[in-house]
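Remarks on the overall topology
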Amino acid sequence: MEYASTRDKNLAVSAAYAIKTGLAPDGGLFVPKSLPRVFGEELSELAQMSYSERAVRILGKFLTDFSAEEITDCAQSAYNKEKFETDEIAPLYKLSNGVYFLELWHGPTCAFKDMALQILPHLLKKSVVKTGETKEVVILVATSGDTGKAALEGFKDVNGTRIIVFYPEKGVSDIQKRQMVTQEGNNVDVAAVNGNFDDAQSGVKKIFGDSEYAEVLERNNFMLSSANSINWGRLVPQIVYYFSAYCNLLKCDEIKLGEPVNFVVPTGNFGNILAAYYAKEMGLPVGKLICASNENNILTDFIRTGVYDKNRLFKTTSSPSMDILISSNLERLLYHVTGCDDKQVAAWMKELAETGRYEVSADVKAKIQELFYGGFCDDTQTEKTIAETNSAYGYVIDTHTAVAKCVYDAYCKETGDATKSVIVSTASPFKFSNHVLSAVAGAEALSGLDEFAMLDALAEKADLTIPAPLANLKAKPVIFNTTCEKTEMYEVVSHMLNLL
Ligand SMILES: *Cc1c(COP(=O)(O)O)cnc(C)c1O
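Residues numbered from 1 in each chain as written. Predicted model: local features only at pLDDT ≥ 70, side-chain atom pairs only at ≥ 80, totals over all residues. Heavy atoms only, no water.

**What to know about the side chain of Asn187**
Looking at the secondary structure, you find Asn187 in the loop between helix H8 (174–181) and strand S8 (188–194). Judged by its relative accessible area of 5%, Asn187 falls in the buried class. For Asn187, the side chain forms a polar contact with the main-chain oxygen of Val158, separated by 3.4 Å. One polar contact links the side chain of Asn187 to the main-chain carbonyl oxygen of Thr161, over a distance of 3.0 Å. Apart from the residues lying within four places of it in its own chain, the contact partners of Asn187 are Phe155, Lys156, Asp157, Val158, Thr161, Arg162 and Ile163. (Helix = DSSP H or I, 4+ residues; strand = E, 2+ residues; numbered from the N terminus. Buried < 20%, exposed > 50% of the residue type's maximum accessible area, 1.4 Å probe, protein only. Polar contact = N/O pair within 3.5 Å; in protein donor to acceptor, adjacent residues only side chain to side chain. Contact = heavy atoms within 4.5 Å.)

**Here's the deal with the sheet that holds strand S11 (residues 286–293)**
Strands belonging to one sheet form pairs held by backbone hydrogen bonds; the direction of such a pair is parallel or antiparallel. Within the open sheet, the 6 strands sit side by side as S4-S5-S15-S10-S11-S14. Their pairing is mixed. Each edge of the sheet is formed by a strand with only one pairing partner; in this case those strands are strand S4 (92–96) and strand S14 (372–376). Strand-to-strand twist across the sheet, computed as the mean angle between neighbouring axes with direction ignored, equals 25 degrees. In this sheet, strand S15 (residues 421–425) lies alongside strand S10 (residues 261–266) in parallel orientation, the contact comprising 3 bridges. The residue bridging Asn262 from the neighbouring strand is Ser421, located in S15. (Pairing = 2+ DSSP bridges. Axes fitted to C-alpha atoms, helices over the stretch in contact; angles between N-to-C directions.)

**So, the sheet that holds strand S2 (residues 8–13)**
Here we have 3 strands laid out as an open sheet, ordered S2-S1-S3, and antiparallel in their pairing. In the strand order of this sheet, the two ends are held by S2 and strand S3 (30–32), each with one partner. Strand-to-strand, the axes of this sheet are offset by a mean angle of 40 degrees, without reference to chain direction.

**A closer look at the site of the ligand**
Not every one of the 15 residues close to the ligand is listed here, only the nearest: Lys113, Gly268, Asn269, Asn272 and Thr426. Between the ligand and the protein, one listed contact pairs an oxygen atom with a backbone N or O atom of Gly268 at 2.7 Å. Thr426 places a polar side-chain atom, nitrogen or oxygen, 2.9 Å from a nitrogen atom of the ligand. In isolation the ligand has 390 Å² of accessible area, and contact with the protein removes 95% of it. (Near = heavy atom within 4 Å. Areas by Shrake-Rupley, 256 points an atom, 1.4 Å probe, with all protein chains shown as cover.)

Written as structure tokens, this is what we have:
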């Protein structure tokens, strides 16, 4: 299967090339030129398989330049009992008749980013070899929290790769910081940047765009690559869990083969929900795709009006992984719903870069509304949803998942749609334990507690076990204590790589 760019449909590269380079040379995103079909009896067949076997089957249809053996090797290295707390990898929780949560946070960092970042390093390493590259790959990451840790865990000890993560000194939670500075592995490095997330991100972007520095790296036999969510190698593994969720419902006789299911997705960069769209286009019986946002509700407005306008205030919310005003992966959806109109997509993206706004045609808007429903909620509603879900069902959800549940409830009320629905649960409640504890036990329960004491308090209050990766954190020695100015990021990289 070949891949084009959203801004040049005539481009034709292999999956390995797309994964190795991350971004198309024209600034567009790589998209598959056709979609494989998976439906009917093949779904019943998938239902009998393990998660890792399902992944091999789906990935194999997209990564046609990889051998079955190679893909099996990648999937088995990623989705196993050592890395995930459950054999099922991505289990479903039945809340009530027709409503389920797809728990994507049983991996090593307790958030759904693990679903892709556990397998990406293996895919990337093989892609590098396949494209004849002999240099060692250096992954540079700027993180606002979840991605950095998930990338570190994914890349640690993967031969032929190095990973360097920069995080803003004052922009991550104590737990997130602790997760990163205690990272083990023989190929990992972590540094704090004196500044905010934007400072760290602009520093990393500058290094990526610096051709002179690229030559220095090349002389030392290194090349840079990226693990961020626009890489096709991060998107394609996410398609798997939508098929897997449907198959689990089939297997438990919750649905009949062919019966449609809605998916509700807490959305930021539009990567997760785009994977659900691909699954639907491949033939998975999917009803509505429900796109849930927090108060940074740019996608809700876009789905409802056809106008994408980022000229608005950025809000800091209790679901920080969705605090985002440029949903990069939307570009891929636009490419597909316009019938691969690369010129139009490039024009919209140019408008977005220059004015912060673009508007799609009535026809495109209608197509998007047929597929998607958009809704949002604020922090007060998020907290209320956590409290209500706990008191009605004894099930505790994190803030991001609560945004999805809240929007789903509003959707049902508005439309009366009774289609069975899967709400995608993207983080363990312990990862955001301050907000969750406050919701289930009242704000006063937080007083005097540090982040570790909050984990204990939440475990006791909700009668849950703290996930091992978070419970173990307190006792782990700090390995990294480098802090640099944003002007010093080059030197830090050079020093870490021992550049000549
Ligand atoms: C990254 C993230 C999201 C948003 O996912 P996108 O693919 O960026 O839309 C939602 N919830 C959590 C917990 C996340 O870490």
